[in-house]
Amino acid sequence: MSTATSELLTVPEVMERLKLGRSTVYDLIRTRRLVSITIGRARRIPAAAIREFIDHEIEEAA
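Note that this is a predicted model, so its numbers are computed, not measured.

Parameters and conventions
- Residues numbered from 1 in each chain as written.
- Predicted model: local features only at pLDDT ≥ 70, side-chain atom pairs only at ≥ 80, totals over all residues.
- Heavy atoms only, no water.
- pLDDT = per-residue confidence, 0-100.
- Helix = DSSP H or I, 4+ residues; strand = E, 2+ residues; numbered from the N terminus.
- Pairing = 2+ DSSP bridges.
- Core = buried A, V, L, I, M, F, W, Y, C linked by side-chain atoms within 4.5 Å.
- Buried < 20%, exposed > 50% of the residue type's maximum accessible area, 1.4 Å probe, protein only.
- Contact = heavy atoms within 4.5 Å.

## Some words on the confidence of the model for the protein chain
Thought 1: With 90% of its residues at a pLDDT of 70 or more, the protein chain shows a mean pLDDT of 93.
Thought 2: Of all the helices and strands in the protein chain, helix H1 (residues 3-6) carries the lowest mean pLDDT, 60, while helix H3 (residues 22-30) carries the highest, 98.

## Re the sheet that holds strand E3 (residues 42-46)
Within a sheet, adjacent strands bond to each other through the backbone by hydrogen bonds, running parallel or antiparallel.
Thought 1: One open sheet accounts for three strands, arranged E1-E3-E2; its pairing is antiparallel. If you trace the sheet from one side to the other, it starts and ends with strand E1 (8-9) and strand E2 (37-39), each paired once.
Thought 2: Across two bridges, E1 lies against E3 in antiparallel orientation. Each residue of the ladder has a partner; that of Leu9, found in E3, is Ile45.

## Regarding the nonpolar core
Thought 1: Counting twelve residues, the largest nonpolar core is built from Leu9, Val11, Val14, Leu18, Val25, Leu28, Ile29, Leu34, Ile45, Ala49, Ile50 and Phe53.
Thought 2: Listed by contribution, the elements that provide at least two residues to this core are helix H2 (11-18), H3 and helix H4 (47-61).
Thought 3: In this structure, Phe53 is in contact with Leu18, Leu28, Arg33 and Leu34, ignoring residues within four places of it in sequence.

Here it is as structure tokens:
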């Protein structure tokens, strides 16, 4: 798998990493709290967007 491909995650992969349900992940995308891109009909989330989301949530909790 190329580096570029491994950096774009599917919704199920994000669900696994964040330990969240499908609807929660889509809510985060819909409310723009989690950055995503659409390629054709496929929704992909950059791996860096997950780190940014976690960092932001940690800042908000502090």
